[in-house]
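Below are the chains, spelled out letter by letter.
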Amino acid sequence: MGNSGVAALQSASTGVEVTGVVASDEFSAAGETADNLLDDSPEKWLAGYDTAWVDFTLARPTVITSYSLMSANDFPGRDPRNWTLHGSHDRSHWTPLDSRTGETFAGRFQTRKFSLGGSTTAYRHYRLDITRNGNATEVQLAHVHCAGAPADQAFTGYYQRFNEGPIGYRNTGPPRTHAACFPRSPAGRRSRSGRRKPGRHRPDPVGPGRPTPRPLTLGAHIRR
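Residues numbered from 1 in each chain as written. Predicted model: local features only at pLDDT ≥ 70, side-chain atom pairs only at ≥ 80, totals over all residues. Heavy atoms only, no water.

Asker: Can you break down the overall build of the protein residue by residue, with the values?
Answerer: Per the secondary structure count, the protein includes zero helices and 13 strands. In sequence order, the secondary structure elements of the protein are arranged as β-β-β-β-β-β-β-β-β-β-β-β-β. Counting all 224 residues of the protein, 43% fall into the buried class. For the protein, contacts bridging at least 24 residues in sequence account for 79% of all contacts bridging at least 6. For the protein, the exposed surface amounts to about 11,800 Å²; the carbon and sulfur share of it is 50%. (Helix = DSSP H or I, 4+ residues; strand = E, 2+ residues; numbered from the N terminus. Buried < 20%, exposed > 50% of the residue type's maximum accessible area, 1.4 Å probe, protein only. Contact = heavy atoms within 4.5 Å. Areas by Shrake-Rupley, 256 points an atom, 1.4 Å probe, with all protein chains shown as cover.)

Asker: Give me the pattern of salt bridges: which residues, what numbers.
Answerer: In total, this model carries nine salt bridges according to the counting rule given. The residue Glu138 makes a salt bridge to Arg78 at a minimum N-O spacing of 2.7 Å. A residue pair is termed long-range when its members are at least 10 positions apart, and Glu138 in the loop between strand E9 (123-133) and strand E10 (139-141) and Arg78 in the loop between strand E5 (64-70) and strand E6 (80-88) qualify at 60 residues. The pair Glu138 / Arg78 is uniform in exposure class, with both members buried. One network of salt bridges, with partners in common, ties together Lys44, Asp74, Arg78 and Glu138. (Salt bridge = Lys/Arg side-chain N within 4 Å of Asp/Glu carboxyl O.)

Asker: How would you summarise the side chain of Arg127 if you had to cite specific residues and measurements?
Answerer: Tracing the sequence through the fold places Arg127 in strand E9. Here Asp55 takes part through its side chain, which lies 2.5 Å from a polar atom of the side chain of Arg127. (Polar contact = N/O pair within 3.5 Å; in protein donor to acceptor, adjacent residues only side chain to side chain.)

Asker: Summarise the sheet that holds strand E11 (residues 143-148); cite the residues concerned and give the values.
Answerer: An order of E8-E5-E11 is seen for the three strands of this open sheet, with the pairing classed as antiparallel. Looking along the sheet, the strands with just one partner apiece sit at the ends: strand E8 (111-115) and E11. When strand polarity is set aside, the average angle formed by the axes of neighbouring strands in this sheet is 20 degrees. One ladder, built from five bridges, connects E5 with E8; its direction is antiparallel. (Pairing = 2+ DSSP bridges. Axes fitted to C-alpha atoms, helices over the stretch in contact; angles between N-to-C directions.)

Asker: Break down the nonpolar core for me, with residues and values.
Answerer: The biggest cluster of nonpolar side chains holds 29 residues, and the ones touching the most others in it are Trp45, Val54, Tyr67, Leu69, Leu128 and Leu141. Elements with a contribution of two residues or more to this core: strand E2 (18-23), strand E3 (45-47), strand E4 (52-62), E5, E6, E9, E10 and E11. (Core = buried A, V, L, I, M, F, W, Y, C linked by side-chain atoms within 4.5 Å.)

Asker: Can you explain the packing of aromatic side chains? Please cite residues and give values.
Answerer: Taken as a whole and judged by the stated rule, the model has three aromatic pairs. Ring centres of Trp83 and Phe114 lie 5.2 Å apart, and the angle between their planes is 80 degrees; on these two criteria the pair is classed as edge-to-face. Taken as a pair, Trp83 in strand E6 and Phe114 in strand E8 lie far apart in primary sequence, 31 residues in all. The buried category is assigned to Trp83, whose relative accessible area is 1%. For Phe114, a relative accessible area of 2% gives the class buried. Put simply, the rings of Tyr67, Trp83 and Phe114 pair up and form one aromatic cluster. Arg127 extends its terminal NZ or CZ atom over the ring of Trp53, reaching a point 4.1 Å from the ring centre. (Phe/Tyr/Trp six-rings, centres within 6.5 Å; stacked < 30°, edge-to-face > 60°. Lys NZ or Arg CZ within 6 Å of the ring centre and 35° of its normal.)

Asker: Any details on the side chain of Thr57? Residues and values, ideally.
Answerer: Along the chain, Thr57 falls in strand E4. Within polar-contact distance, the side chain of Thr57 engages the side chain of His125 at 3.1 Å. Those residues in contact with Thr57 that sit more than four places away from it in its chain are Glu17, Val18, Thr19, Gly20, Arg91, Arg124 and His125.

Asker: Provide a residue-level description of the sheet that holds E9, including the pertinent values.
Answerer: Sheet strands pair via backbone hydrogen bonds, and the direction of the pair is either parallel or antiparallel. In space, the five strands of this open sheet follow the order E2-E4-E9-E6-E7, with antiparallel pairing throughout. Strand pairing shows two members of the sheet lacking a second neighbour, E2 and strand E7 (94-100), which therefore form its edges. Across the sheet, the mean angle from the axis of one strand to that of its neighbour is 20 degrees, orientation sign disregarded. Judged from the six bridges that link them, E6 and E7 form a sheet pairing that is antiparallel. Bridge pairing in E7 places Gly87 opposite Thr95.

Written out as structure tokens, the structure reads:
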């Protein structure tokens, strides 16, 4: 029997503070609004069309390295299938960061994580633009979460002598974990209730020369 040891370089992810959320549409009569995407409750966001978008405004520009989507409670046909995540400095000019096609969820309240690869630009605004669902007439999600870029790095580890307990290396701490993302700011705002309108709706096209529909205005009250 001999001695053993373990060492690792750990990265700490930054938290992402959201100060506002705006959606192309939401079902306010049932309380199925975009701000539910930021909560840990089983409530969901429901848009009354087969395509939709939702914007998140952060407290400060942040590099997003991954994000996750949770399916809602019912009707798999409402799940997003195709979408693009965009970043923006001003909510007028959008840069595509990650596009997905043909994605599916295996069950209700399933969380799926998606990595952005080599994203290095910090944006204050992020848009999830859903361009296709599972052939239903509405789009829904339960939650959206993400992880920010590592704030720092640190070595962690321990060594263990035969027949003794583990002993931490000098100046090292416990392994770090990724922080959850898109938590609501303590002073954050929730989106104002939207209306469900008849007919087909297209989310705000991204690109020059395209008309921009008027987004839902953020309300001034806070969910308690």
